[in-house]
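# Breakdown of the fold
The chain contents come next:
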Amino acid sequence: MATWEAVKIAFTYDDPVTGYNALVLAIKNYQDYKQVPTVKLKYLYMTQDDADVAAKEGRLQGSYTEETSPYAASGASETWFIAIDSTAELNGKIEVVAWGPSISV
């Protein structure tokens, strides 16, 4: 089986729909990759540097906040997210489905 490469998502205040659509497509592609009909995600919010490491190296570093949405809570200090399978173990190697800057709502 080929390896999964995390998809970088660009949410912007001016055009959040494009980022959302890219996330939906990344989820669909990940489901196809895993050969499953559905994947439930959890979102971990962290700094940009920590998100870069998670996406590129498949491991967590630093601190993070777990949420159920790609839209960060207002006032969150961690401004980047990674999306991972909700059943993923957070110790060791992880597969990041998508990642990028979050939108405060």
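The shown structure was predicted, so the numbers you read here are calculated from the model rather than taken from an experiment.

### Focus on the nonpolar core
Ranked by internal contacts, the top residues of the largest apolar core, which has 15 residues, are Leu23, Tyr30, Leu41, Tyr43, Phe81, Ala83 and Ala98. Looking at this core, the elements with two or more residues in it are α1 (16-34), β2 (41-46), β5 (80-85) and β6 (96-101). Of all the elements, α1 adds the most residues to this core, at five residues. Within the second largest apolar cluster, 14 residues are counted, among which are Leu44, Ala54, Ala55 and Val96.

### Side note on the confidence of the model for the chain
For the chain, the mean per-residue pLDDT works out to 84, and 85% of the residues sit at or above 70. When pLDDT is averaged over each helix and strand of the chain, the minimum, 62, is found for strand β7 (residues 103-104) and the maximum, 92, for helix α2 (residues 48-57).

### Points about the packing of aromatic side chains
According to the stated counting rule, one finds six aromatic pairs in the structure shown. When the centroid spacing of 6.0 Å and the interplanar angle of 40 degrees are considered together, the rings of Trp80 and Trp99 count as tilted. Of this pair, Trp80 sits in strand β5 while Trp99 sits in strand β6, placing them 19 residues apart in sequence. When sorted by exposure, Trp80 lands in the same class as Trp99, which is buried.

Thresholds applied
- Note that residues are indexed from 1 along each chain, following the sequence as it is written.
- Two thresholds apply to this predicted model, a pLDDT of at least 70 for residue-level local features and 80 or more for giving and counting side-chain atom pairs, whereas whole-chain, interface and lining totals are computed over all residues.
- In computing side-chain values, all of the structure's heavy atoms are included and hydrogens and water are not.
- Put simply, a nonpolar core is a bunch of buried Ala, Val, Leu, Ile, Met, Phe, Trp, Tyr and Cys residues held in one set by side-chain atoms that sit within 4.5 Å of each other.
- Relative accessibility decides the category of a residue: with a 1.4 Å probe and only protein chains considered, values under 20% of the type maximum give buried, values over 50% give exposed, and everything between is partly exposed.
- Numbering of helices and strands runs from the N terminus; a helix is a DSSP stretch of H or I covering at least four residues, while a strand is a stretch of E covering at least two.
- The predictor attaches a confidence to each residue, and that confidence, scored 0 to 100, is pLDDT.
- In summary, the pairing rule links any two rings of Phe, Tyr or Trp, Trp by its six-membered ring, whose centres are within 6.5 Å, and it sorts them by plane angle into stacked for under 30 degrees, edge-to-face for over 60 and tilted for everything else.

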